[in-house]
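Residue strings, one per chain:
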Amino acid sequence: MFPAGLAWPKVRVLQVLWALLAVLLASRRLWALKDFQECTWHVVLNEFHVVGEDGVEDRFFEQEPMDTVGKVFQTLVDSPVDPNEPNLSLQEYLGFPYYLKINYLCDQKLSQDLVRMGHLTGLKPLVLVTFQSPVNFYRWKIEQLQIQMEAAPFRSKVSEECIAEEVCSMSWYTPMPIKNGSVVMHVDISSNGLGTFIQDKGFHVNINGFLKRDHDDSIVYTVGEELYNLSPEHFVGISSRPLWYTVDQAPVLILGGIPNEKYVLMTDTSFKDHSLVELSIDSCWVGSVYCPHSGFTATIYDTIATESTLFIRQNQLVYYFTGTYTTLHESNRGSAGFVSWPASASRSCALRISMPTALNGQVSFEMLPKQWSVCQQIAVYTCNIIWSEYIAGEHTLLLLVETGYGGSSKLYQVVNYNRVTDEMDVVYKVPEFVPEARGLEFLMILGTETYTNTPMVPKGISFNPYNNLIFIWGNFLLQSSDKENFIYLADFPKEQTIKYIARSFLGNMAIVTETEEIWYLVEGTYRVYQLFPSRGWDVHMSLQLMQQSSLYASNETMVTLFYEDNKLYQVPGGALGETLGHPRRADTSSPGPGFPLQLVYLMYKHEGRLVKRPMPVEKLLMYQQYTNHYDLERKGNYSTLSFTNFCPFSVMRLRNLPRPQRYTRQERYRARPPSILERSGFHTKNSLAIYQGLVYYLLWLHSKYDKPYADPVHDPTWRWWRNNKQDKDYFFFLASNWRSAGGVYIDMDSYEKIYNLEPEYELPERIFLDKGTEYSFTIFLSAQGRSFRAQAELGSAFQLQTQVDVGVVLANPGCIEALVKQEVLINRNSVLFLITLKDKKLCYDQGISGHHLMKTSMMVNVVGSSGLCFQETHLEPHMQGNLMVPVLIGCPPGKRLAFDITYTLEYSRRQNKHYFDCVHVDPEMPCFLFRDSVCPFPSPAQFTALLPPPLCALPPLSSPAGHPPFVLRHLTFPLSVLSFSGQANFFSWSQPPSNPIVFYPFFLIQDLVTGDSGSFQGSYVLLVVGGGPTLESIRDYSNDEIYRFNSPQDKTNSLIWTTRTTRTTKDSAYHIMSYESPGIEWLCLENSPCYDNVPRGIFSPEFFFKVLVSNRGVDTSTYCNYQLTFLVHIHGLPLSSKRALFIFMVSTSVFVGLVIFYIIFCLLWPLMVKGCTMLRWKINDIIASDSYYYCASISGISSMSSLRHSRQGSIVSSRVEEDGAEPREAMEGQLMTLASHLPPPPATITPPLQGPS
């Protein structure tokens, strides 16, 4: 309560003081605006084919990537993105459907002269796109992702009126990226600090899945027909209604409440733009015997917007519409539809709760309680459910139940229903009457206080999951933090009844009553402030009308009140005859934190329009403080006006803030446009397409950076530029000489991930705390006047004390703790408070990164500052003294476990003295050897001999360096018989070897946000959960198989591996390993899947093990449940004894057979040669004899006689050599003998008769 002040003067004097106050405040505001020109960013969406056209604005509903940039990248030869590189696929360079077109307005007018001036003075817009984290964490990775881009200047299409040489009209363009799993994007536009001063601006760019392209290429709504005329009767004289939506997740907002019409207001820009849509539903009247409906109307009563589904209620029917969001669930590619569902409960006779669930575009309803009604559960005859609030962290429903018996007064109870156990209990009974609290700010309800005659009529329940505060509201306001002990806030009048509440969930709450009054409350405090109507509102309204603001009018109607990004907005109304698809934009400035937003319908000169404006809470409280507490002192002939400052401090600053990314888990990328090789500096469509493709590829690398094998460099962009970094100077040389392909120069350093963001002298939006994590900061307060005094204490001379105190309120003190250390700076009349927030390691088990986090909060309050302290800026005043930070306890997003293949190979090589890779080397998946054989291993080269034990495959005759000389064991065959040419990687004997190969796996904890990457030093369980001899044949093992293959308790001879580690889980089922473990040895026993594998070809058998590593339940150093599944490629597996014996027998048989065949061949070869020679001569003799016979029969005996005499003469006269004389003589002798036995030739030879053949 404020202290008593001077009495109010007369009405005329009061009006004069108000006018004087308005002039003073307005002059200060005008002085500030004189130094800072009122310029604001103007941003629209454009598709690629309309880039450069003026007056075009597209709507955001296309979600598929475009393949229009591939042809442009084909021209970028001899560049960092050369399409001819073998490791680069042009299919990965795609584009997004939209661009952001950026200009700026000054005094609400677009002047190309000013835009050109900004460009020539170095102005460049900087765009920061923040992707909202997805809801479905089972399908999409939970992450906080941002990308910062620099806009590229682009000349608009030249008109006939343009006579300038370079440019008449221009804009800046950046790609509008899209990310899977996110349909809500927040865009922040800022300046690079050069040129015109333009205030930073932020807005939402959301995907509207309820739009489609019609057959005539026009864009229409899938839920109904869009109307283009607003009528005053739709808003004027109509009470406001609440705006229901899932906070930070709903891309499309919907608002009903238009009387007797199936009209709703829809927006995908948070009412920056809006559309009036007539829904395509049948207005049905459905009633029931136990719950009759007294009347029928076409009015849409309640509307709820979620991530992909819209719910509406008309009469007793609930409809839902599912949007087309391929970025959320790829299977949902059809147009949106609607299904009606008859509600079994209305507010007048609700006995059970119907809870809808939307998952992957499918909506289902569940009736709760499952078996009994609420009345039966709480043992009453009649009851109605007035309100319900779902507490997700506890899986419970808070129900506000009305009970009554006949004509007796009604009673109200707060009932807690547990969805898991299906149990229900009464947690609080609302008092029957409003307590008496005259002169008090609050009253603790203990049951012993006095009550008025005004009945308590509750209307609803509100719960904040961060600070655990519960509010029961109606014609009163009760506050509790434990559901049992409630505090009555006495500032709210019992004559008013709350209609709905707008919550920011960050410590601020706005209240709207049935009479359209607006009240404000800082959660955790007890003062409730009236904002409208109030004296502060009158002053503010007068100032706005003086400045002719387009956001205010003397005749206006509030449509709704809601928070957006912790800012409270009012929605007043749209213009008569104005096209809702392209409404006139209001000059909304970015409000400070804690502002509500209003949607208001304004009437000015018989024209109306719907605008969104911030509710200036700080201004209203400051004006109200000035008008209520001032001093009027007369000095001579004039009076002096002075105001009382009730704030306990003059300056409040935050210092020593740590770098935010470790706690906010915000990942950020930077992408600049490629440098254009044109003297004017303006980009072309090709360069914009290249920029689009580069941004797409950067985000694609981010999404694919989830490999189980860790890269040598912990950065998603490392693979992009690793082959071209050494050519960086060469590419720069080409660009410096204007020789870069495509007319652009791509700087590889312009596409990177940022790990070192600096704090912005304010507390972060949220804080993630892992096990035992601390967050500390310092609050600097400069006190008002003399606020210190010295007090003597035992053991010290004097102890300085200050009247400026800071209190820290924790929502869950059993889970987190806060330490506050005070330091007095008496020479500066200031106080430093060092606040440290720490997790107590008690309230959370283990969870996957970003999943199932525990919500809590920390509130820091300067005592006596609530609603009294404001910081003046050149734009708006900001409230000080109350800070709230949501705290999320658990495994923070962006942490992962990765297999450190680089150090594993290095350590294994060092410990095992050697390393042998597979024959076919895969750099992405190196091989590991099963174990050393009894024989020393040759160098990794190259063939495999299928020899069973006790034989060993022979190495080359010269042993490799580092290996002992070759020794044969149990070998009885000659060495020359068993030797092979070449080198080999051979099979080993299946018995335990003398030189086992130990597999030493090492793992990394990689922080994707801060870039840290260090060895995982916690405990973990390693399990082989699948495998196969080839990549295609890998299968997952069942739970029973996993136990048999990995448990040291297995008795079935099925173990795949073993270790010397003796530490096991509590049930002794599995080994517990750590980075200090001695490694594992592969066994592959008889009943294991890797036993007795058939080799493929001549190379040794291989096997791919699917390995799961998890620290769940065995590691107490973190809240993170790290789970990593990766493949281990093992080669050189042994054969079974049977298969080895079989191969031995086959090999021996083949070998012995070859030896025997050789021996036989050597012995029989001379005889075979002699026999073949004799056979050949005999065949020749027969052929010669037959030929001679036929010749003799034709020539006659006379011819033979002459032939014999001539032959003898020739033999005698011929010169015969010594080596050939005897065979000839023998031949002639034989011929003479043959001729003597021939019969004499006949006198006449008659030819035979010719007959048929």
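No experiment lies behind these values; they were computed from the predicted model shown.

Parameters at a glance
- Residues numbered from 1 in each chain as written.
- Predicted model: local features only at pLDDT ≥ 70, side-chain atom pairs only at ≥ 80, totals over all residues.
- Heavy atoms only, no water.
- Helix = DSSP H or I, 4+ residues; strand = E, 2+ residues; numbered from the N terminus.
- Buried < 20%, exposed > 50% of the residue type's maximum accessible area, 1.4 Å probe, protein only.
- Contact = heavy atoms within 4.5 Å.
- Areas by Shrake-Rupley, 256 points an atom, 1.4 Å probe, with all protein chains shown as cover.
- Salt bridge = Lys/Arg side-chain N within 4 Å of Asp/Glu carboxyl O.
- Disulfide = S-S within 2.5 Å.
- Phe/Tyr/Trp six-rings, centres within 6.5 Å; stacked < 30°, edge-to-face > 60°.
- Lys NZ or Arg CZ within 6 Å of the ring centre and 35° of its normal.
- Pairing = 2+ DSSP bridges.
- Axes fitted to C-alpha atoms, helices over the stretch in contact; angles between N-to-C directions.
- Polar contact = N/O pair within 3.5 Å; in protein donor to acceptor, adjacent residues only side chain to side chain.
- Core = buried A, V, L, I, M, F, W, Y, C linked by side-chain atoms within 4.5 Å.
- Parallel < 35°, antiparallel > 145°, perpendicular 65-115°, else oblique.
- Left-handed = near helix turned anticlockwise from the far one by under 90°.

The next point concerns the overall build of the protein. Check the secondary structure of the protein and you find 16 helices and 70 strands. Across the 1253 residues that make up the protein, the buried fraction comes to 50%. Sequence separation of 24 or more characterises 67% of the internal contacts of the protein that already satisfy a separation of 6 or more. Surface summary for the protein: the accessible area is close to 61300 Å², and the carbon and sulfur share equals 54%.

So, on to the pattern of salt bridges. Any two side chains of opposite charge can pair, so long as their charged atoms come close to each other. Counted according to the given criterion, the structure contains 43 salt bridges. A salt bridge links D749 to K725, with the shortest nitrogen-to-oxygen separation between them at 2.9 Å. Here K725 lies in the loop between α9 (718-721) and α10 (728-736) and D749 lies in the loop between β46 (744-745) and β47 (751-754), a separation of 24 residues in the sequence. By relative accessible area, D749 is classed as partly exposed at 30%. Exposure remark for K725: the relative accessible area of 40% places this residue in the partly exposed category. A single network of salt bridges, built from pairs that share partners, joins E47, E62, R213 and D217.

A few words now on the state of the cysteines. All chains considered together, the criterion is met by seven disulfides. Note that C375 is cross-linked by a disulfide to C383, the S-S spacing being 1.9 Å. Here C375 and C383 share a disulfide; its torsion about the S-S bond, -110°, makes the bridge left-handed. According to the relative accessible area criterion, C383 is buried, its value standing at 4%. C1084 shares a disulfide with C1090; S-S distance 2.0 Å. With the S-S bond torsion at -115°, the cross-link from C1084 to C1090 turns out left-handed. Note on accessibility: C1084 and C1090 belong to one class, buried.

Below, the discussion takes up the packing of aromatic side chains. With the rule as written, the count across this model stands at 51 aromatic pairs. Their ring planes at 45° and their centres at 5.0 Å tell us that Y626 and F643 sit as a pair that is tilted. Note that Y626 is positioned in helix α6 (residues 617-628) and F643 in strand β42 (residues 638-643), a separation of 17 residues in sequence. Relative accessible area serves as the criterion here: at 32%, F643 is assigned to the partly exposed category. Each member of the aromatic cluster is reached from another via a ring pair, and the members are Y709, F899, F928, F999, F1003, F1016, Y1020, W1082, F1103, F1105, Y1122 and F1126. In this structure, R655 packs its charged tip against the face of F780, placed 4.4 Å from the ring centre. The lysine or arginine in question, R679, covers the ring of W738, its NZ or CZ lying 5.0 Å from the ring centre.

The next thing to look at is the sheet that holds strand β34 (residues 508-513). Strand order in the open sheet made by the four strands is β33-β34-β35-β36, with antiparallel pairing throughout. Looking at which strands have only one partner, the edges of the open sheet turn out to be β33 (498-503) and β36 (528-532). Here the strands of the sheet are splayed against their neighbours by 25° on average, with no regard to which way each runs. The pairing of strand β35 (residues 518-522) with β36 spans four bridges and is antiparallel. Within β36, the position partnered with I518 by the bridge is F532. Against the sheet, α6 contacts β35 and β36, and its axis sits at roughly 100° relative to β36.

One open sheet holds the six strands; their spatial order is β8-β7-β3-β4-β44-β47, and the pairing between them is mixed. The sheet is open, and its two borders are formed by β8 (201-206) and β47, each paired with just one other strand. Each adjacent strand pair in this sheet contributes to an overall mean axis angle of 20°, direction not counted. With six bridges joining them, strand β3 (residues 125-131) and strand β4 (residues 144-150) adopt antiparallel strand pairing. Paired with L128 across the two strands is Q148, which belongs to β4. Where helix α8 (residues 685-704) meets the sheet, it contacts β3, β4, β44 (666-671) and β47, and its direction lies at approximately 160° from that of β4.

Moving on: the side chain of K483. Following the sequence through the fold, K483 ends up in the loop between β31 (477-480) and β32 (486-489). Side-chain polar atoms of K483 contact the side chain of E394, separated by 2.8 Å. When sequence neighbours within four positions are dropped, the list of residues in contact with K483 reads I391, E394, T396, L398, N416, V427, Y428 and I470.

Moving on, we come to the environment of T1125. Here T1125 lies in strand β70 (residues 1123-1131). For T1125 and G1026, which are 99 residues apart along the polypeptide, the C-alpha to C-alpha distance reads 10.0 Å. Every residue in contact with T1125, bar those within four places of it in the chain, is listed here: P708, K1106, V1107 and L1108.

A general trend in soluble globular proteins is that nonpolar side chains are found buried together. In this structure, I147, M176, M266 and W720 are the most contacted members of the largest nonpolar core, which totals 104 residues. Broken down by element, this core gets its largest block of residues, ten residues, from α8. Each residue touching M176, except ones within four places of it in the same chain, is listed here: L45, F60, F96, Y98, Y99, L100, V129, M185, V187, V205 and Q692. Core analysis: the next-biggest nonpolar cluster, separate from the first, contains 46 residues, M925, L1023, F1104 and V1107 among them.

Moving on, we come to the packing of helix α5 (residues 535-546) against α6. Contact geometry for α5 and α6: axes closest at 7 Å, N-to-C directions at 110°. Between α5 and α6, the angle is such that the two are roughly perpendicular. Here the hand of the crossing between α5 and α6 comes out right-handed. Counting all contacts with α5, which are made through R535, G536, W537, V539, H540, L543 and Q544, the residues of α6 involved are K619, L620, Y623, Q624, T627 and N628.

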